[in-house]
Amino acid sequence: MSVHVIGIFKTQSPKDFDDYRAQVSATVELYGGKILRRGVCEKPFWNELNAAAFDTFVELSFSSLEDAKRWAGSPEYAALLPVRERAMHLTLFPLVV
């Protein structure tokens, strides 16, 4: 059973965002994941949950939920948290497919 991890975020600092994107792929790959797509989000059709505004998304793929959790909690990814906090506000969640 594969797992897709979806991230939606609002960019805060374009320079830090570029730095983060340049480094995050290597951490994903260490845990058997890959980046499937990245892109820009348009204005939502509906926002009944009153979600905060976001402008960008990413979709990752892992072979299992355990691999995705290991990546999300890994020391390699934790090392990127300071730059991520400057770069964006993020919501990241797994989809089991």
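Please refer to the structure placed before this passage.
Residues numbered from 1 in each chain as written. Predicted model: local features only at pLDDT ≥ 70, side-chain atom pairs only at ≥ 80, totals over all residues. Heavy atoms only, no water.

A.B. asks: How would you sum up the overall build of the chain? Please name residues and give values.
C.D. replies: A tally of helices and strands in the chain yields 4 helices and 4 strands. Each helix and strand of the chain, placed in order from N terminus to C terminus, yields the pattern β-α-β-β-α-α-α-β. In summary, the chain has a C-alpha radius of gyration of 13 Å against a globular reference of 13 Å for 97 residues, a match within 12%. In terms of overall dimensions, the chain has a C-alpha envelope of 35 × 30 × 20 Å along the principal axes. The burial tally for the chain puts 34% of its 97 residues in the buried class. Of the contacts formed within the chain by residues at least 6 apart in sequence, a portion of 79% connects residues at least 24 apart. Per element, the accessible surface of the chain, about 6,200 Å² overall, is 57% carbon and sulfur. (Helix = DSSP H or I, 4+ residues; strand = E, 2+ residues; numbered from the N terminus. Rg over C-alpha atoms; globule rule 2.2 N^0.38 Å. Buried < 20%, exposed > 50% of the residue type's maximum accessible area, 1.4 Å probe, protein only. Contact = heavy atoms within 4.5 Å. Areas by Shrake-Rupley, 256 points an atom, 1.4 Å probe, with all protein chains shown as cover.)

A.B. asks: Could you give an account of the pattern of salt bridges, with specific residues and numbers?
C.D. replies: Throughout the structure, instances matching the rule amount to 5 salt bridges. A salt bridge links Arg86 to Asp16, with the nearest nitrogen and oxygen atoms 3.5 Å apart. Taken together, the residues span a long stretch of sequence, with Arg86 in helix α4 (residues 81-87) and Asp16 in helix α1 (residues 14-30) at a distance of 70 residues. Judged by relative accessible area, which is 47%, Arg86 ranks as partly exposed. Residue Asp16 is classed as buried on the basis of its relative accessible area of 12%. (Salt bridge = Lys/Arg side-chain N within 4 Å of Asp/Glu carboxyl O.)

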